[in-house]
Amino acid sequence: MNILLLEHPRSVVPERCNDIANTPLSSCLLTGYAAGMLKSKGHEVEIIEGYLDGLSYDEIASRVRSAKPDILGVHIVYQWQKDDALFRFLETMKREGQVSSITAYGFYATIAHESILGTCHAVDSVIVGEPEFPFVDLAEAASIRNFIPCAPGIAIRKGTGGVRLQKQQTVTDLDALPFPVRTEAMYRLPEVNLLGSRGCYGSCTFCFINSLHGNVGSWRGRSPKNIVQEIDGIIAERGVRDFYFTDPNFFGPGRMGQERAILLASLLKQRNIRFGIEGRVNDIHDETINALVDAGLRHILIGLESGKDESLRRMNKMTTVAQNENALRVLRRHGIEPNVGFIMFEPDSRLEDLRINFDFLKRNDLLKNLSVTANVLYHHQIVLEGTRAYHDLKRENRLELQKTSYEGIAHPKNPDVAALADIMREITNLLFARMDGIWSGKMIEPPGMQERYTRVNHILVKVFENCLKAMETGERFDEDLRASVVMETGNEIHEIVNAADPGPIAEVGISKK
Ligand code: SF4
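What comes next concerns the included structure. This one's a predicted model, so the numbers in the text were calculated from it and none came from an experiment.

**A few points about the environment of Asn397**
Point 1. Of note, Asn397 is situated in the loop between helix H15 (388-395) and strand S16 (400-401).
Point 2. By relative accessible area, Asn397 is classed as exposed at 73%.
Point 3. Between the C-alpha atoms of Asn397 and Ala410, which are 13 residues apart in sequence, the distance is 9.5 Å.

So this is what it looks like as C-alpha coordinates:
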(Lines give C-alpha, C1' and ligand atoms only; values in the text may rest on other atoms or scores of the structure.)
Protein backbone atom coordinates (compact mmCIF):
# COMPACT_ATOMS: atom_id res chain seq x y z
CA MET A 1 0.00 0.00 0.00
CA ASN A 2 1.04 3.56 -0.68
CA ILE A 3 0.65 5.54 2.53
CA LEU A 4 1.21 9.24 3.13
CA LEU A 5 1.56 10.50 6.70
CA LEU A 6 0.99 14.20 7.25
CA GLU A 7 2.20 16.47 10.03
CA HIS A 8 -0.10 19.36 9.22
CA PRO A 9 0.79 23.07 9.51
CA ARG A 10 0.06 24.42 13.00
CA SER A 11 -1.19 27.86 13.81
CA VAL A 12 -0.46 29.74 17.01
CA VAL A 13 -2.85 32.53 17.85
CA PRO A 14 -1.04 35.48 19.49
CA GLU A 15 -2.96 35.20 22.75
CA ARG A 16 -1.80 31.58 23.17
CA CYS A 17 1.86 32.13 22.32
CA ASN A 18 2.95 31.64 25.95
CA ASP A 19 0.85 28.53 26.57
CA ILE A 20 2.34 25.11 27.06
CA ALA A 21 2.33 22.78 24.09
CA ASN A 22 -1.03 21.74 22.74
CA THR A 23 0.24 18.21 22.21
CA PRO A 24 2.69 16.43 24.48
CA LEU A 25 6.28 16.47 23.27
CA SER A 26 6.30 12.67 23.12
CA SER A 27 3.81 12.87 20.23
CA CYS A 28 6.57 14.18 17.94
CA LEU A 29 7.56 10.57 17.20
CA LEU A 30 4.06 9.13 16.67
CA THR A 31 4.28 9.54 12.90
CA GLY A 32 7.81 8.13 12.80
CA TYR A 33 6.76 5.07 14.79
CA ALA A 34 3.73 4.49 12.57
CA ALA A 35 5.94 4.82 9.50
CA GLY A 36 8.53 2.42 10.93
CA MET A 37 5.89 -0.21 11.61
CA LEU A 38 4.22 0.18 8.20
CA LYS A 39 7.55 -0.03 6.37
CA SER A 40 8.45 -3.18 8.31
CA LYS A 41 5.28 -4.73 6.84
CA GLY A 42 6.32 -3.87 3.31
CA HIS A 43 4.21 -0.76 2.73
CA GLU A 44 5.50 2.34 0.98
CA VAL A 45 5.41 5.30 3.34
CA GLU A 46 6.16 8.96 2.83
CA ILE A 47 6.02 11.62 5.55
CA ILE A 48 5.10 15.23 4.79
CA GLU A 49 6.45 17.63 7.41
CA GLY A 50 3.89 20.39 6.95
CA TYR A 51 4.79 21.88 10.32
CA LEU A 52 8.59 21.61 10.53
CA ASP A 53 9.07 22.41 6.83
CA GLY A 54 6.64 25.35 7.04
CA LEU A 55 4.55 24.12 4.10
CA SER A 56 1.31 25.75 2.99
CA TYR A 57 -1.79 23.66 2.31
CA ASP A 58 -1.32 24.38 -1.41
CA GLU A 59 2.17 22.88 -1.29
CA ILE A 60 0.90 19.89 0.64
CA ALA A 61 -1.96 19.43 -1.84
CA SER A 62 0.56 19.20 -4.73
CA ARG A 63 2.46 16.49 -2.86
CA VAL A 64 -0.76 14.56 -2.20
CA ARG A 65 -1.87 14.93 -5.85
CA SER A 66 1.39 13.51 -7.12
CA ALA A 67 1.47 10.67 -4.56
CA LYS A 68 -2.23 9.71 -4.82
CA PRO A 69 -1.97 7.61 -1.66
CA ASP A 70 -4.20 4.71 -0.76
CA ILE A 71 -4.26 6.02 2.79
CA LEU A 72 -3.60 9.55 4.00
CA GLY A 73 -2.82 9.47 7.71
CA VAL A 74 -3.04 12.82 9.50
CA HIS A 75 -1.47 13.43 12.86
CA ILE A 76 -4.07 15.91 14.08
CA VAL A 77 -2.77 18.34 16.67
CA TYR A 78 -5.08 20.65 18.55
CA GLN A 79 -4.82 24.22 17.22
CA TRP A 80 -6.19 26.21 20.19
CA GLN A 81 -9.20 26.79 17.96
CA LYS A 82 -11.21 24.70 15.57
CA ASP A 83 -8.92 23.92 12.68
CA ASP A 84 -11.14 24.67 9.71
CA ALA A 85 -8.20 25.03 7.32
CA LEU A 86 -7.06 21.44 7.92
CA PHE A 87 -10.55 20.04 7.61
CA ARG A 88 -11.22 22.07 4.43
CA PHE A 89 -7.98 20.72 2.95
CA LEU A 90 -8.98 17.11 3.74
CA GLU A 91 -12.44 17.64 2.23
CA THR A 92 -10.83 18.99 -0.96
CA MET A 93 -8.43 16.04 -1.28
CA LYS A 94 -11.30 13.60 -0.82
CA ARG A 95 -13.65 15.41 -3.20
CA GLU A 96 -10.96 15.49 -5.90
CA GLY A 97 -10.41 11.76 -5.45
CA GLN A 98 -6.70 12.26 -4.62
CA VAL A 99 -6.84 9.83 -1.74
CA SER A 100 -8.86 6.68 -1.13
CA SER A 101 -9.04 6.86 2.63
CA ILE A 102 -8.15 9.33 5.36
CA THR A 103 -7.39 8.38 8.93
CA ALA A 104 -6.52 10.66 11.84
CA TYR A 105 -4.31 9.81 14.82
CA GLY A 106 -2.58 11.44 17.78
CA PHE A 107 -3.58 12.70 21.23
CA TYR A 108 -6.20 15.14 20.03
CA ALA A 109 -7.61 12.64 17.54
CA THR A 110 -7.79 9.99 20.26
CA ILE A 111 -9.66 12.17 22.72
CA ALA A 112 -11.84 14.03 20.21
CA HIS A 113 -12.46 11.11 17.79
CA GLU A 114 -16.24 11.38 18.05
CA SER A 115 -16.23 15.08 17.31
CA ILE A 116 -13.74 14.70 14.41
CA LEU A 117 -15.82 11.93 12.82
CA GLY A 118 -18.94 14.00 13.42
CA THR A 119 -17.65 17.21 11.88
CA CYS A 120 -15.19 16.23 9.14
CA HIS A 121 -16.74 13.77 6.71
CA ALA A 122 -13.52 13.43 4.75
CA VAL A 123 -12.04 11.54 7.70
CA ASP A 124 -13.03 7.88 7.35
CA SER A 125 -11.53 6.61 10.57
CA VAL A 126 -9.63 7.70 13.65
CA ILE A 127 -6.95 5.68 15.39
CA VAL A 128 -7.68 5.80 19.10
CA GLY A 129 -4.53 5.24 21.14
CA GLU A 130 -1.09 4.15 19.98
CA PRO A 131 -0.97 4.10 16.18
CA GLU A 132 1.34 1.25 15.13
CA PHE A 133 -0.92 -1.83 15.13
CA PRO A 134 -4.17 -0.14 14.02
CA PHE A 135 -2.26 1.35 11.08
CA VAL A 136 -1.15 -2.13 10.04
CA ASP A 137 -4.76 -3.34 10.24
CA LEU A 138 -5.90 -0.35 8.17
CA ALA A 139 -3.27 -0.99 5.50
CA GLU A 140 -4.11 -4.68 5.32
CA ALA A 141 -7.81 -3.92 4.99
CA ALA A 142 -7.05 -1.33 2.31
CA SER A 143 -5.17 -3.94 0.32
CA ILE A 144 -8.48 -5.76 -0.15
CA ARG A 145 -10.24 -2.42 -0.88
CA ASN A 146 -11.94 -2.32 2.53
CA PHE A 147 -11.29 1.23 3.68
CA ILE A 148 -13.38 1.16 6.82
CA PRO A 149 -12.30 -1.93 8.72
CA CYS A 150 -13.51 -2.79 12.16
CA ALA A 151 -10.34 -3.55 14.11
CA PRO A 152 -9.08 -2.72 17.61
CA GLY A 153 -8.15 0.93 18.04
CA ILE A 154 -9.98 2.14 14.92
CA ALA A 155 -13.03 4.36 15.40
CA ILE A 156 -15.44 4.53 12.45
CA ARG A 157 -18.92 5.91 11.89
CA LYS A 158 -21.80 3.52 12.43
CA GLY A 159 -24.30 3.27 9.61
CA THR A 160 -27.02 4.22 12.07
CA GLY A 161 -25.12 7.27 13.36
CA GLY A 162 -22.64 7.50 16.19
CA VAL A 163 -19.23 5.87 16.35
CA ARG A 164 -18.10 2.26 16.61
CA LEU A 165 -14.87 1.61 18.48
CA GLN A 166 -13.29 -1.57 19.72
CA LYS A 167 -10.64 -0.59 22.27
CA GLN A 168 -7.06 -1.72 21.68
CA GLN A 169 -4.49 -2.92 24.21
CA THR A 170 -1.46 -0.73 24.73
CA VAL A 171 1.83 -1.97 23.30
CA THR A 172 3.47 -3.96 26.08
CA ASP A 173 6.79 -4.84 24.49
CA LEU A 174 8.26 -1.57 23.21
CA ASP A 175 11.48 -3.32 22.19
CA ALA A 176 9.49 -5.26 19.60
CA LEU A 177 8.55 -2.06 17.72
CA PRO A 178 10.64 -1.04 14.71
CA PHE A 179 12.66 2.12 15.35
CA PRO A 180 10.87 5.29 14.27
CA VAL A 181 11.49 6.85 10.86
CA ARG A 182 13.00 10.35 11.15
CA THR A 183 12.71 12.91 8.39
CA GLU A 184 15.36 15.41 7.32
CA ALA A 185 13.33 18.09 9.10
CA MET A 186 13.59 16.16 12.35
CA TYR A 187 17.34 15.90 11.96
CA ARG A 188 17.52 19.69 11.56
CA LEU A 189 16.29 20.16 15.14
CA PRO A 190 19.06 20.96 17.64
CA GLU A 191 18.64 17.52 19.23
CA VAL A 192 17.50 14.18 17.90
CA ASN A 193 14.31 13.18 19.67
CA LEU A 194 14.06 9.73 21.20
CA LEU A 195 11.36 7.89 23.09
CA GLY A 196 12.75 5.59 25.76
CA SER A 197 9.42 4.93 27.46
CA ARG A 198 5.69 5.55 27.08
CA GLY A 199 2.98 6.67 29.47
CA CYS A 200 3.35 7.71 33.09
CA TYR A 201 2.74 6.05 36.43
CA GLY A 202 1.38 9.36 37.76
CA SER A 203 -2.13 10.71 37.29
CA CYS A 204 -2.01 14.48 37.69
CA THR A 205 -5.45 16.03 37.30
CA PHE A 206 -4.32 18.43 34.54
CA CYS A 207 -2.46 15.87 32.41
CA PHE A 208 -3.75 13.76 29.53
CA ILE A 209 -0.65 11.68 28.80
CA ASN A 210 -2.32 8.44 29.73
CA SER A 211 -5.33 9.06 27.49
CA LEU A 212 -3.24 7.72 24.60
CA HIS A 213 -1.73 4.93 26.60
CA GLY A 214 -4.70 3.37 28.33
CA ASN A 215 -5.04 3.87 32.02
CA VAL A 216 -3.17 5.14 35.00
CA GLY A 217 0.01 3.21 35.68
CA SER A 218 0.67 2.66 32.00
CA TRP A 219 4.39 3.49 32.12
CA ARG A 220 6.38 1.09 29.94
CA GLY A 221 10.08 1.34 29.28
CA ARG A 222 12.28 0.12 26.47
CA SER A 223 15.27 -1.85 27.60
CA PRO A 224 18.48 0.22 27.86
CA LYS A 225 20.04 -2.13 25.30
CA ASN A 226 17.31 -1.44 22.77
CA ILE A 227 17.62 2.33 23.31
CA VAL A 228 21.38 2.39 22.72
CA GLN A 229 20.97 0.25 19.59
CA GLU A 230 18.83 3.04 18.15
CA ILE A 231 21.30 5.71 19.31
CA ASP A 232 24.23 3.79 17.80
CA GLY A 233 22.40 3.62 14.47
CA ILE A 234 21.77 7.38 14.49
CA ILE A 235 25.38 8.17 15.42
CA ALA A 236 26.65 5.87 12.67
CA GLU A 237 24.33 7.37 10.06
CA ARG A 238 24.36 11.02 11.06
CA GLY A 239 27.24 11.54 13.43
CA VAL A 240 25.05 13.55 15.82
CA ARG A 241 25.75 13.55 19.54
CA ASP A 242 22.82 15.57 20.94
CA PHE A 243 19.64 13.75 21.94
CA TYR A 244 16.45 14.49 23.83
CA PHE A 245 14.33 11.85 25.52
CA THR A 246 10.79 13.03 24.89
CA ASP A 247 9.40 10.52 27.41
CA PRO A 248 6.73 12.21 29.57
CA ASN A 249 8.41 10.47 32.49
CA PHE A 250 11.96 9.32 31.82
CA PHE A 251 12.10 7.36 35.07
CA GLY A 252 9.99 4.31 35.67
CA PRO A 253 8.42 3.86 39.10
CA GLY A 254 10.37 3.21 42.27
CA ARG A 255 13.57 1.22 42.59
CA MET A 256 13.12 -0.48 39.22
CA GLY A 257 12.98 2.95 37.54
CA GLN A 258 16.16 4.10 39.25
CA GLU A 259 18.06 0.89 38.45
CA ARG A 260 17.01 1.05 34.81
CA ALA A 261 18.15 4.69 34.58
CA ILE A 262 21.53 3.81 36.11
CA LEU A 263 21.97 0.89 33.70
CA LEU A 264 21.03 3.12 30.77
CA ALA A 265 23.49 5.76 32.01
CA SER A 266 26.30 3.20 32.07
CA LEU A 267 25.61 2.37 28.40
CA LEU A 268 25.17 5.99 27.31
CA LYS A 269 28.44 7.01 28.94
CA GLN A 270 30.37 4.95 26.41
CA ARG A 271 28.70 6.84 23.52
CA ASN A 272 30.02 10.31 24.36
CA ILE A 273 26.67 12.02 23.84
CA ARG A 274 24.72 14.87 25.45
CA PHE A 275 21.04 14.50 26.25
CA GLY A 276 17.99 15.95 27.99
CA ILE A 277 15.11 14.29 29.85
CA GLU A 278 11.80 15.08 31.60
CA GLY A 279 10.81 13.63 34.94
CA ARG A 280 8.99 13.78 38.26
CA VAL A 281 10.67 15.36 41.29
CA ASN A 282 10.23 12.24 43.43
CA ASP A 283 12.50 10.39 40.97
CA ILE A 284 15.39 12.82 41.35
CA HIS A 285 17.95 11.03 43.51
CA ASP A 286 21.59 11.79 44.00
CA GLU A 287 23.08 8.50 42.81
CA THR A 288 20.95 8.35 39.65
CA ILE A 289 21.48 11.98 38.69
CA ASN A 290 25.20 11.58 39.29
CA ALA A 291 25.29 8.61 36.90
CA LEU A 292 23.16 10.39 34.27
CA VAL A 293 25.22 13.60 34.37
CA ASP A 294 28.36 11.51 34.05
CA ALA A 295 26.76 9.91 30.98
CA GLY A 296 25.95 13.25 29.32
CA LEU A 297 22.74 14.56 30.92
CA ARG A 298 22.76 18.31 30.31
CA HIS A 299 19.19 19.45 30.81
CA ILE A 300 16.00 18.33 32.45
CA LEU A 301 12.42 19.49 32.77
CA ILE A 302 10.79 18.74 36.11
CA GLY A 303 7.16 19.37 37.00
CA LEU A 304 7.21 21.36 40.23
CA GLU A 305 3.70 22.74 39.61
CA SER A 306 3.25 24.45 42.96
CA GLY A 307 4.97 25.70 46.10
CA LYS A 308 2.10 24.56 48.31
CA ASP A 309 1.41 21.01 49.46
CA GLU A 310 -2.36 21.52 49.45
CA SER A 311 -2.23 22.54 45.77
CA LEU A 312 -0.05 19.55 44.92
CA ARG A 313 -2.63 17.32 46.59
CA ARG A 314 -5.42 19.09 44.69
CA MET A 315 -3.57 18.33 41.44
CA ASN A 316 -3.00 14.72 42.56
CA LYS A 317 0.66 15.31 41.84
CA MET A 318 1.67 12.76 44.49
CA THR A 319 4.70 14.88 45.37
CA THR A 320 5.47 17.43 48.07
CA VAL A 321 7.08 20.86 48.28
CA ALA A 322 9.95 19.23 50.18
CA GLN A 323 10.50 16.87 47.23
CA ASN A 324 10.40 19.85 44.85
CA GLU A 325 13.10 21.62 46.84
CA ASN A 326 15.17 18.48 47.22
CA ALA A 327 15.06 17.87 43.44
CA LEU A 328 16.27 21.41 42.79
CA ARG A 329 19.09 20.97 45.29
CA VAL A 330 20.20 17.60 43.87
CA LEU A 331 20.15 18.81 40.27
CA ARG A 332 22.04 22.00 41.06
CA ARG A 333 24.59 20.07 43.07
CA HIS A 334 25.32 18.20 39.83
CA GLY A 335 25.50 21.38 37.78
CA ILE A 336 22.04 21.13 36.17
CA GLU A 337 19.74 24.15 36.26
CA PRO A 338 16.37 22.57 35.45
CA ASN A 339 13.52 23.86 33.36
CA VAL A 340 10.42 23.70 35.49
CA GLY A 341 6.72 23.18 34.99
CA PHE A 342 4.69 25.43 37.30
CA ILE A 343 0.99 26.25 37.53
CA MET A 344 0.78 29.63 39.24
CA PHE A 345 -2.95 30.11 38.66
CA GLU A 346 -5.31 27.20 39.37
CA PRO A 347 -9.07 27.59 39.08
CA ASP A 348 -9.31 27.30 42.89
CA SER A 349 -6.28 29.42 43.80
CA ARG A 350 -6.64 32.02 46.53
CA LEU A 351 -4.48 35.11 46.96
CA GLU A 352 -2.54 33.44 49.78
CA ASP A 353 -1.71 30.53 47.43
CA LEU A 354 -0.15 33.00 44.98
CA ARG A 355 1.90 34.50 47.80
CA ILE A 356 3.10 31.04 48.86
CA ASN A 357 3.96 30.20 45.25
CA PHE A 358 5.77 33.49 44.76
CA ASP A 359 7.80 33.04 47.95
CA PHE A 360 8.62 29.47 46.91
CA LEU A 361 9.91 30.65 43.53
CA LYS A 362 11.98 33.42 45.11
CA ARG A 363 13.35 31.19 47.86
CA ASN A 364 14.43 28.63 45.28
CA ASP A 365 16.05 31.10 42.87
CA LEU A 366 13.52 30.46 40.15
CA LEU A 367 12.89 34.11 39.29
CA LYS A 368 16.27 35.07 37.93
CA ASN A 369 16.05 33.96 34.34
CA LEU A 370 13.59 35.65 31.98
CA SER A 371 12.58 32.53 30.06
CA VAL A 372 11.69 30.81 33.35
CA THR A 373 10.12 33.86 35.00
CA ALA A 374 7.88 34.58 32.02
CA ASN A 375 6.45 31.10 32.39
CA VAL A 376 6.23 30.55 36.13
CA LEU A 377 4.65 33.94 36.88
CA TYR A 378 2.09 33.49 34.18
CA HIS A 379 0.96 29.94 33.81
CA HIS A 380 -2.65 29.20 34.48
CA GLN A 381 -4.05 25.70 34.37
CA ILE A 382 -4.98 24.68 30.84
CA VAL A 383 -8.00 22.38 30.89
CA LEU A 384 -8.08 19.89 28.04
CA GLU A 385 -10.52 17.06 27.47
CA GLY A 386 -9.19 13.72 28.67
CA THR A 387 -7.98 15.15 31.98
CA ARG A 388 -9.56 14.62 35.37
CA ALA A 389 -9.70 18.39 35.88
CA TYR A 390 -11.82 18.76 32.72
CA HIS A 391 -14.19 16.09 33.92
CA ASP A 392 -14.51 17.55 37.44
CA LEU A 393 -14.87 21.18 36.37
CA LYS A 394 -17.44 20.26 33.75
CA ARG A 395 -19.45 18.37 36.34
CA GLU A 396 -19.33 21.46 38.55
CA ASN A 397 -20.52 23.61 35.63
CA ARG A 398 -17.38 25.70 35.79
CA LEU A 399 -16.04 25.08 32.29
CA GLU A 400 -16.48 27.59 29.55
CA LEU A 401 -16.00 25.56 26.38
CA GLN A 402 -14.04 26.98 23.48
CA LYS A 403 -14.84 26.54 19.79
CA THR A 404 -14.53 22.80 20.23
CA SER A 405 -15.48 20.87 23.34
CA TYR A 406 -11.84 19.81 23.59
CA GLU A 407 -10.69 22.77 25.64
CA GLY A 408 -12.42 24.47 28.52
CA ILE A 409 -11.53 27.66 30.32
CA ALA A 410 -12.11 27.67 34.07
CA HIS A 411 -11.75 31.24 35.29
CA PRO A 412 -10.28 31.50 38.78
CA LYS A 413 -13.03 31.65 41.37
CA ASN A 414 -11.26 34.39 43.25
CA PRO A 415 -11.58 37.81 41.49
CA ASP A 416 -8.14 39.04 42.65
CA VAL A 417 -6.50 35.88 41.36
CA ALA A 418 -8.37 36.30 38.07
CA ALA A 419 -7.21 39.93 37.82
CA LEU A 420 -3.55 39.08 38.45
CA ALA A 421 -3.74 36.16 36.01
CA ASP A 422 -5.12 38.54 33.34
CA ILE A 423 -2.41 41.11 33.95
CA MET A 424 0.44 38.60 33.79
CA ARG A 425 -1.05 36.89 30.77
CA GLU A 426 -1.30 40.12 28.80
CA ILE A 427 2.14 41.35 29.78
CA THR A 428 3.88 38.08 28.94
CA ASN A 429 1.96 37.85 25.66
CA LEU A 430 3.24 41.35 24.77
CA LEU A 431 6.74 40.23 25.67
CA PHE A 432 6.53 37.04 23.62
CA ALA A 433 5.07 38.89 20.64
CA ARG A 434 7.86 41.50 20.86
CA MET A 435 10.59 38.88 21.13
CA ASP A 436 9.13 36.38 18.69
CA GLY A 437 11.64 37.08 15.92
CA ILE A 438 14.67 36.48 18.13
CA TRP A 439 13.31 33.71 20.32
CA SER A 440 12.00 31.74 17.38
CA GLY A 441 15.43 31.94 15.75
CA LYS A 442 14.16 33.94 12.74
CA MET A 443 16.32 36.94 13.69
CA ILE A 444 19.83 37.16 15.03
CA GLU A 445 19.99 38.32 18.63
CA PRO A 446 21.61 41.78 18.76
CA PRO A 447 24.55 42.27 21.12
CA GLY A 448 23.76 43.29 24.71
CA MET A 449 20.45 41.48 24.91
CA GLN A 450 21.35 39.44 28.00
CA GLU A 451 21.60 42.65 30.00
CA ARG A 452 18.19 43.69 28.71
CA TYR A 453 16.67 40.32 29.53
CA THR A 454 17.85 40.79 33.11
CA ARG A 455 16.11 44.16 33.26
CA VAL A 456 12.90 42.81 31.73
CA ASN A 457 13.02 39.90 34.15
CA HIS A 458 13.26 42.38 37.01
CA ILE A 459 10.20 44.21 35.69
CA LEU A 460 8.11 41.03 35.49
CA VAL A 461 8.98 40.04 39.05
CA LYS A 462 8.29 43.50 40.41
CA VAL A 463 5.00 43.98 38.63
CA PHE A 464 3.78 40.62 39.94
CA GLU A 465 4.93 41.39 43.45
CA ASN A 466 3.56 44.93 43.48
CA CYS A 467 0.15 43.87 42.20
CA LEU A 468 0.02 41.01 44.69
CA LYS A 469 0.96 43.34 47.58
CA ALA A 470 -1.67 45.86 46.53
CA MET A 471 -4.33 43.16 46.33
CA GLU A 472 -3.33 41.85 49.75
CA THR A 473 -4.03 45.27 51.19
CA GLY A 474 -7.51 45.23 49.65
CA GLU A 475 -6.93 47.23 46.47
CA ARG A 476 -9.34 46.21 43.70
CA PHE A 477 -7.98 45.95 40.18
CA ASP A 478 -10.83 46.99 37.96
CA GLU A 479 -10.60 46.85 34.18
CA ASP A 480 -9.08 50.34 33.88
CA LEU A 481 -6.35 49.68 36.42
CA ARG A 482 -5.51 46.32 34.88
CA ALA A 483 -5.24 47.94 31.43
CA SER A 484 -3.09 50.71 32.83
CA VAL A 485 -0.65 48.27 34.50
CA VAL A 486 -0.40 46.23 31.31
CA MET A 487 0.15 49.31 29.14
CA GLU A 488 2.80 50.88 31.36
CA THR A 489 4.67 47.64 31.83
CA GLY A 490 4.44 46.87 28.12
CA ASN A 491 5.89 50.31 27.32
CA GLU A 492 8.74 49.82 29.75
CA ILE A 493 9.61 46.45 28.27
CA HIS A 494 9.42 47.91 24.79
CA GLU A 495 11.76 50.76 25.73
CA ILE A 496 14.32 48.41 27.29
CA VAL A 497 14.30 46.03 24.36
CA ASN A 498 14.64 48.89 21.87
CA ALA A 499 17.04 51.09 23.85
CA ALA A 500 20.42 51.79 22.26
CA ASP A 501 22.14 51.85 25.63
CA PRO A 502 20.31 50.37 28.63
CA GLY A 503 20.51 52.51 31.76
CA PRO A 504 20.31 51.41 35.41
CA ILE A 505 17.49 49.17 36.64
CA ALA A 506 14.54 51.23 37.90
CA GLU A 507 11.81 50.22 40.32
CA VAL A 508 8.44 49.44 38.80
CA GLY A 509 5.45 51.13 40.37
CA ILE A 510 1.71 50.70 39.99
CA SER A 511 -0.08 53.83 39.01
CA LYS A 512 -3.78 54.41 38.72
CA LYS A 513 -5.16 56.23 35.77
S1 SF4 B 1 3.92 13.30 36.23
FE2 SF4 B 1 3.91 14.46 34.32
S3 SF4 B 1 3.45 12.97 32.72
FE4 SF4 B 1 2.93 12.02 34.68
S5 SF4 B 1 0.74 12.39 34.93
FE6 SF4 B 1 1.84 14.06 35.98
S7 SF4 B 1 2.07 15.71 34.46
FE8 SF4 B 1 1.51 13.81 33.37
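And the narrative resumes.
**Describing the packing of aromatic side chains**
Point 1. Applying the stated criterion across every chain, the model contains 12 aromatic pairs.
Point 2. Where Tyr78 meets Tyr108, the ring centres are 5.5 Å apart and the plane angle is 55°; that geometry is what we call tilted. With Tyr78 in the loop between strand S3 (71-75) and helix H3 (84-95) and Tyr108 in helix H4 (residues 107-111), this residue pair connects regions lying 30 residues apart in the sequence. Comparing Tyr78 with Tyr108, the two get one shared label, buried.
Point 3. Relative to Phe250, the ring of Phe245 has its centre 5.2 Å away and its plane inclined at 75°; by these criteria the two rings are edge-to-face. Each of the two residues, Phe245 as well as Phe250, counts as buried.
Point 4. In this structure an aromatic cluster arises from ring pairing among Phe245, Phe250, Phe251 and Phe275.
Point 5. Arg198 extends its terminal NZ or CZ atom over the ring of Tyr33, reaching a point 4.8 Å from the ring centre.

**Let's talk about the site of the ligand**
Point 1. Near the ligand, the surroundings consist of Cys200, Gly202, Ser203, Cys204, Phe206, Cys207, Ile209, Pro248, Arg280 and Lys317.
Point 2. Looking at the shell around the ligand residue by residue, the classes come out as six nonpolar, two polar and two charged.

**Remarks on the packing of helix H8 (residues 224-238) against helix H9 (residues 254-269)**
Point 1. Viewed as axis vectors pointing N to C, H8 and H9 meet at an angle of 30°, and their least axial separation amounts to 9 Å. When the axes of H8 and H9 are compared, the pair comes out roughly parallel. As for how H8 packs across H9, the hand of that crossing is right-handed. Packed against H8, whose contacting residues are Pro224, Lys225, Ile227, Val228 and Ile231, the element H9 presents Arg260, Leu263, Leu264, Leu267 and Leu268 at the interface.
Point 2. Of the residues assigned to the contact of H8 with H9, the class counts are eight nonpolar, no polar and two charged.

**Thoughts on helix H1 (residues 30-40)**
Point 1. Extensive coverage of H1 is indicated by the burial of nine of its 11 residues.
Point 2. Of all the positions in H1, only Leu30, Thr31, Gly32, Tyr33, Ala34, Ala35, Gly36, Met37 and Leu38 are classed as buried.
Point 3. Looking one or two residues beyond H1, the residue adopting positive phi is Gly42, at roughly 90°.

Scoring rules and cut-offs
- Residues numbered from 1 in each chain as written.
- Predicted model: local features only at pLDDT ≥ 70, side-chain atom pairs only at ≥ 80, totals over all residues.
- Heavy atoms only, no water.
- Helix = DSSP H or I, 4+ residues; strand = E, 2+ residues; numbered from the N terminus.
- Buried < 20%, exposed > 50% of the residue type's maximum accessible area, 1.4 Å probe, protein only.
- Phe/Tyr/Trp six-rings, centres within 6.5 Å; stacked < 30°, edge-to-face > 60°.
- Lys NZ or Arg CZ within 6 Å of the ring centre and 35° of its normal.
- Near = heavy atom within 4 Å.
- Nonpolar A, V, L, I, M, F, W, Y, C, P; charged D, E, K, R; others polar.
- Axes fitted to C-alpha atoms, helices over the stretch in contact; angles between N-to-C directions.
- Parallel < 35°, antiparallel > 145°, perpendicular 65-115°, else oblique.
- Left-handed = near helix turned anticlockwise from the far one by under 90°.
- Contact = heavy atoms within 4.5 Å.

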